[in-house]
Amino acid sequence: MKEKIIKIFALMICVATLFSLNAAAAEYPNYQSKSQYYSYEYNAYDELSEAPNGYYPASTVYFDNLPLDMSGSKLTDIFYDEKDIYLLDSANSRIIILNKDLSYKSVLNHTDISSGEFEGTDLSFVGARGIYVEDNGQILICDTEHQRILLVKDNVLTGIISRPQTTVIAEDIKFDVTKVIRTGANYYVVAESIVSGVLVFNEELEFVKLFGSNKVAVTGEVLLQQIQNLYMTDEQIAARRSFSASKINGIDIDRKGFVVVASSDPDLTLAGSAIRCLNFKGGEITIGQGSKKFGDKLIVKGTANAFSDIAVDESNFYVVFDSKYGRVFVYSEKGVLITCFGGIGSEMGLFTTPIAIETIGSDIVVLDSQYNSVTVFKLTDYGRIKRELISIIDGGDFEKIGVLANRLLKYNTNCQYAHYAMGFVAEQAGDYKTAMSFYKSANDRTSYGQAFKLYRTQFLKDNVLWVLLIAIVIIVALAMGISYIAKGLKKPEGAVYAPLEAKKSGFAIYCLFHPADSFWQIKQRKILSPVWLAIVLGLFVYTNVVGFFTNGFIHNMNRAQDFNVIIELAKTFGLITVFVVANWAICTITDGKGKPMEILYTAAYSLIPYVTAQLIKMVLTHILTGEETIIISIITGIGLIWSGLVMFVGLLTIHEYSVGKAVFSVLLTIFGMLVILLLIVMFYTLMGQTLSFVQSIIQEYSLQH
Amino acid sequence: MKKIIKKISVLILILALLGCEGLLSFAADSSDQQITGKTVIGESGNIVLSVDEFGHFEALNKASGYTWNSYPVGIENDTKTVGISRRHFQSELVVNYVYRDEFGKTSSYEENSVAGIEAVEGGAVSVYKTENGAKVVYDFYSICASVALHYSLNEGHLSVEIKGEDILEGDAFKKKVKDYATTEQLEVIQPSYITSIRVLPAFGAGTENENGYVFVPDGSGAYMDFKPTTHVAQNVTIPFYGPEYAIDEYGVISEEFASVTRPLKAYFPMYAIVKDNDSIMGVIETGEERSALNAFKAGISNAYTVASPSMIYREISHNVIGGRKVQGVSLTDSSFADFKIDYYFLNDSVDFAGLAKQYRALLEADERIAKSEAEYGLALNVIGAIDVDSHFLGIPCRRIKALTTYEQLGNIITELSENGIEDISVNYIGWNNNGIQNKKINNSFKALGKLGGKSDLNKLISLSKEKDTKIYFDADLQSFKKSGNGVSKLKNAVKTMFDKQALQRKLSYATFSYESSGYVLADAASFSKSFKNYIKTADKYDDIALSFNSIASRLYSNFDNRNPDTRTEMLDAYEKSLSTVKTQLSAADAYSYMWKYADKIFEAPASSSRQRIYDGEIPMYQMILHGYIPYTVPSINSNANRKELLLRAVETGSELLFTVMYENAEMVNGTDFDYLYSTTYKEVKAEALEMYDRYIEVTKRVCDATVESYKQLQYGVSETIYSNGVSVIVNYTDTEYTTADGLTVPALDFKHRG
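This is a predicted model, so every value here is computed, not measured.

Colleague: When you look at the overall build of chain B in this model, what are you seeing that I'm missing?
Modeller: Counting secondary structure elements, chain B contains 15 helices and 41 strands. Its C-alpha radius of gyration of 28 Å places chain B within 12% of the 27 Å reference for a compact globule of 754 residues. Its C-alpha atoms give chain B principal-axis dimensions of roughly 90 × 70 × 65 Å. In chain B, buried positions account for 61% of the 754 residues. Of the contacts made within chain B by residues no fewer than 6 positions apart, 68% connect residues no fewer than 24 positions apart. Total accessible area on chain B is roughly 28,600 Å²; 51% of this is exposed by carbon and sulfur atoms.

This is the structure we're talking about:
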């Protein structure tokens, strides 16, 4: 009996322990394996790359167990004022105040608020959706349903921000406020129906201006509508859907005093402007570089993230919340993605109806309105190191940067930022070659270009004699080549042909300088060189294929695994074949005299300048930086134009066209090529569909029987 | 005499008229006596079992004086549990089904359910006394099906059984009821397919007026206390031995493509309901591989916290054919529908370690686990090779990339031994065939040329013996991408119920899209054949250890119409094959069917899936196996917080595990294997050595002991006490913790006593 009593007592202690542990929270240390909780990063090719978790869900705190009647409560916003946490209970028209550790502190019911000088005002804020607390303790409640913001200090209503009397906002638009912040002397207010920007009110609570409106994202649909509007009556234009700027959903102030806003419009996500940092004039401060910089990559409209809330943490990292997928993205102020996590689901760390996000120190809390709970995410070692590295990268402590980057790489060799930081340290130490290697791993072409420029200068300095010698050799070789060609093009006295013109072996070169004459001779003398044909077409393929792999890193976005010989052959041999077929087909209806072989030779010979430019390009991509790309563009441009001219004159000559007819036939040839390509695509599509149809029938049959 | 002959003749005539079938059914029914009121039907040990005419039962535990009811007493008056939830919880079984049309196709898209109470209310339940228990037959006229539950008492525990032969559907059901069904009953008959049967949905359910918890075997283990939440009640379904791989895209994507359900896994077929005055432990003895556990947490719309198993009779799957959304159910064979669960009455409240002890005793008696005296050391997952996208003369192809050659693994072992590490064990993954992922099916223990060939492999095996290191050579004998080695992709690949190859593809949780390519799984016969060949070739090497990670963690069916395999058949194939292995064997992330064969378990689950309805997690998996099968934590260097995983290893008595490759892990960037992002050996080594030095001091003291007690002293601080008296206190918090007897455990650290 005694034993039994002891056992029961032990169980009671055990159960009591469990209950006390879980009275308000389910908490777990972070020993969960990666597969059970998923976060990721993106590489430079916008591909998802596996990464360790940057944050982990440390606990889910349910507010059902607070010493309050929580029945029917609906939490709609959370705010942390560096001291306490404020929960807005919209259904019960009250504010629940918690300590930093999420334990209960006090409650402010609307009935506790005295109306002060606003006697007779109904202070119920049922349906409110936003809360903000000023440094002086004044609480701002976005009373959405009643279209006002209540300012409460020391339980007394001190002011009301009401719908501004201004023509800037149309009369029929509601002032349904959802967010408010204060910075400097102004209040910044977001209202759901007002899409023309954030409303700014001064200390006297008077409307000042609209601020930082989103631009209309220029999509194909918008452009099409603009064009169509040109032909429509005013009534028609008024009747159709208009594209207005997107509304702002989330707002916060960063540690530098800038206003950061988030918008849930997928068009803006795709346009890369869903998250913006604004100065006090409403001017945009660029966060990071490049388009599609926020949210998930490689997704199309309709599946793009919808950023509904934003919070800035103690180290000025932007935490944005995607309400579509329940994901949290953490960015540095420069737009570097720290990590992405969260989602919709029933496991800890996932949400059901996530509604607001806030930061408490470096922790992130996500409010889930269905369960009246918040999930607290804490930094993992990996996330902590990455953030620290990003924070100090501009500080000049290269030793520390090196140590942190090395530690980060131990956690994740995929981490491109760590590679970048290693490159940065090596560059600062003057080891440009190592820096280039790290930048290459980081896929950072801009930094690679800078390091390469320095490396090139250093190399030129160290090897000045050799460089001079090579330059002299190249110049001499070029001079000799030009002189040889010049001589070859000059007809010796008494001779019928110039030296290059006389033999098959030089005739292709001659064509480049005297296309009209030479292609005429091709028809007359049948002076065709299969060797040149093979060389030019071979080089055409070679420059495409080898260039894919060997062009310098700065100028080459290709990856070996993306290479497909079929596509490369289609781009070279396929293109020439389609050209020859289309041109020959066109010439039969436009009285052209050229034969297929002559068209082929014309195409091949005229490619010589282009191919030569490509060969030069292959070399130059290893010598020139990104800023010097213009030189490569000029050379390839010259090659292309030269080739085009030679081809045009050649076609004109072999088909015995007039200039006008030649232009017409070229246009028709291009059209013919498009038709052939279209037919090929249609054929493949049709085949695919037929195959799928047959498969469906077989499948249906096998399922029926 | 004449009279007797006459009587016999008449009897023969009657029998002939009735036909054999009628005779047999008559005989079966006549042997069982129908129960018409509450009747005691058996007594065994401390348990007295009584059943009433509605099929409700009571099990009185004389030792504790507590009565376990088959459904919660007073549920009729409960205002929270209403509607369908109440009907389910009032019943001894719930049948899930889909309707079928005249062609035998499913005609309803949604899965529906019918509760046993419906049969009770419709007077269509029959209760019979059997030899040592009772049989309750439920006729469901609304779905044209019949199911029976068998209750029996054996050695003090209650067995609840479903026999495949008792499940009657369609014509078989009509034939059975034609003699006694009323016209009204026959009028509503609508054929259906039974998909699953939930057994004793609310047996042992806890309410908010009771103290206790429900233990569920999700991952390492989790529990729900009886205290209800004040929000909407929720539930989860955890399939035993993981998800079904042969249904179309087993990671279920929601309609909106906005959320994805990660597959849950119950690693062993045990759950428990622990109350103040008594506890029950449910152990599924038969059919667990085709079952799932349903866990319900009390909330606004349900007053009961409970878990109960479901026997999956047919898998259900959806697909899109010709742009049309279709549903399919798997063909089934009632001979594979037997299901049996044993409920053990623990006579008292038990703590978590007590539960583990009880279950361990059952496993030991059943010879599924045996005491081990293996020493703990350092475990490594070593990655041999991977295949990556490449090109040959511009033509895209896959190429094998060596990451740790046989010689390099030898160097790793030598280096670690020289650093004083004893008892190194290696799970060598991707060392043969095509690296980690097979191209053709793997059916031969053959060295890979890229990793050094046969001579280097022989040298490695010699070295491992010399250094007393155990290398478990892992092989995946189930997956393949191309036909070959006697297994055809066309004929032998597992198929879905839509007659398509069940392609296993990687799912991106970011974009909710599957990769375009994947691999297929071999059917039971091909698997057995490959296994046999593999063992035959492996036997040529003396005293090598083998590893079968994929067998341990992947169980599936084959829904090929011509040659189907149920999960039961697949499991039989595994067990038959594994029983032929004479050498030492390891497995990773192993389900309990592997425990019998494994000498070591790599990557034992360290946590549960942390569902919202759980109130905490318990390392039950480890508590059951400690001292019996050595196991490791999941790979430490793959975790973003490594120190916490070291603490978990100490807390759960697990070996440390690191995943390494000799080459720089940058080689996996941009490949399908980029999850190996932190595995460069030279980067991991120092940390591994440091952690080893810290943890070995403690674990070497307890490696052969069993866990006697496990409790949380406060959030983030736990104490594990072993059978040899050693106590280990682990502190996950960021503040130091001092025990009642003055032992201070620093933040993120551990201490031991004894």
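Colleague: Could you clarify how one ought to interpret a nonpolar patch on the surface in this entry?
Modeller: Residue and element names in this part refer to chain A. A cluster of nonpolar residues, Val 659, Val 663, Leu 667, Ile 670, Leu 674, Leu 677, Ile 680, Phe 683, Tyr 684 and Met 687, forms a patch on the protein surface that exposes about 1,000 Å² of accessible area. Positionally, Ile 680 belongs in helix α19 (residues 659–704). The exposure class of Ile 680 is partly exposed, given its relative accessible area of 38%.

Colleague: In this structure, what is going on with the packing of aromatic side chains? I would like to understand it.
Modeller: Pairs of aromatic rings are described using the distance from one ring centre to the other and the angle between the two planes. Across all of its chains, the model carries 66 aromatic pairs over all chains by this definition. We note Lys 600 of chain B situated over the ring of Phe 602 of chain B; from NZ or CZ to the ring centre the distance is 5.8 Å.

Colleague: Would you take a moment to explain a positive patch on the surface for this structure?
Modeller: A surface patch of like charges, here positive, comprises Lys 454, Lys 532, Lys 536 and Lys 540 of chain B. Mapping Lys 536 of chain B onto the fold places it in helix α10 (residues 524–538).

Colleague: Would you mind showing me how to read the sheet that holds strand β17 (residues 250–253) of chain A here?
Modeller: Whenever strands of a sheet pair, they do so through backbone hydrogen bonds, lying parallel or antiparallel. Residue and element names in this part refer to chain A. Taken in spatial order, the 4 strands line up as β17-β18-β19-β20 in an open sheet, and their pairing is antiparallel. For this open sheet the edge positions go to β17 and β20 (284–285), each flanked by a neighbour on one side alone. Two elements, strand β18 (residues 259–262) and strand β19 (residues 275–278), share 4 bridges in a ladder whose sense is antiparallel. Bridging from a neighbouring strand, Val 260 pairs with Cys 277 of β19.

Colleague: What am I meant to see in the nonpolar core here?
Modeller: A general trend in soluble globular proteins is that nonpolar side chains are found buried together. Core analysis: the biggest nonpolar cluster contains 131 residues, and Tyr 428, Phe 548 and Trp 595 of chain B have the highest contact counts within it. Looking at which element gives the most residues to this core, the answer is helix α15 (residues 681–702) of chain B, with 10 residues. Residues within four places of Trp 595 of chain B in sequence aside, it is in contact with Phe 268, Tyr 359, Leu 363, Arg 368, Ile 369, Ala 590, Ile 601, Tyr 621, Ile 624, Leu 625 and Ile 629 of chain B. Met 348 of chain A together with Ile 162, Phe 203 and Ala 337 of chain B belong to the second-largest nonpolar core, a separate cluster that totals 84 residues.

Colleague: How should the sheet that holds strand β41 (residues 749–753) of chain B be read in this particular structure?
Modeller: All names here are of chain B. The antiparallel open sheet is built from 4 strands, whose spatial order is β36-β37-β38-β41. Of all the strands in the sheet, just β36 (707–714) and β41 have a single pairing partner and so form its edges. Each strand axis lies, on average, 15° off the axis of its neighbour in the sheet, ignoring direction. Looking at chain direction, strand β37 (residues 717–722) and strand β38 (residues 727–731) are connected through 5 bridges and run antiparallel. Pairing of Thr 720 across the sheet is with Val 728, part of β38. Contacts between α15 and the sheet are confined to β37, β38 and β41, with β41 contributing the most and set at about 35° to the helix.

What counts and how
- Throughout, residues of each chain are indexed from 1 in the direction in which the sequence is written.
- By the order in which they are written, chains take letters starting at A while ligands take numbers starting at 1.
- Given that this is a predicted model, residues contribute local features only at a pLDDT of at least 70 and side-chain atom pairs are listed and counted only at 80 or more, while totals for whole chains, interfaces and linings are drawn from all residues.
- The basis for the side-chain values is all heavy atoms of the structure; hydrogens and waters are excluded.
- By the criteria applied, helices consist of DSSP H or I runs no shorter than four residues and strands consist of E runs no shorter than two, each listed in order from the N terminus.
- Throughout, radius of gyration means the C-alpha value; the globule benchmark is 2.2 Å times the number of residues raised to the power 0.38.
- We call a residue buried when its accessible area falls under 20% of the maximum for its residue type, exposed when it is over 50%, and partly exposed in between, using a 1.4 Å probe and counting protein chains only.
- Residue contacts are defined here by distance: any two heavy atoms, one from each residue, within 4.5 Å place the two residues in contact.
- Accessible areas in this description were obtained via Shrake-Rupley with a 1.4 Å probe; residue shielding takes into account the shown protein chains only.
- Residues forming no salt bridge and having over 30% relative accessible area are the ones grouped into patches, like charges within 9 Å of each other and nonpolar side chains (Val, Leu, Ile, Met, Phe, Trp, Tyr) within 5 Å.
- Here a salt bridge means any side-chain nitrogen of Lys or Arg lying within 4 Å of a carboxyl oxygen belonging to Asp or Glu.
- Pairing of aromatic rings covers Phe, Tyr and the six-membered ring of Trp, with a centre-to-centre limit of 6.5 Å; geometry is then stacked below 30 degrees between planes, edge-to-face above 60, and tilted otherwise.
- Either the NZ atom of lysine or the CZ atom of arginine qualifies as a charge over a ring when it sits within 6 Å of the ring centre and within 35 degrees of the ring normal.
- The charge count includes Lys and Arg as positive and Asp and Glu as negative, but it does not include His or the ends of the chains.
- We put the charge of a Lys on NZ, of an Arg on CZ, of an Asp on CG and of a Glu on CD.
- Pairing between strands is defined by DSSP: at least two bridges between them are needed.
- Buried residues of nine kinds, namely Ala, Val, Leu, Ile, Met, Phe, Trp, Tyr and Cys, make up a nonpolar core once their side-chain atoms join them within 4.5 Å.
- Axis definition: a line fitted to C-alpha atoms, limited for helices to the stretch in contact. Angles are taken between N-to-C directions and run from 0 to 180 degrees.

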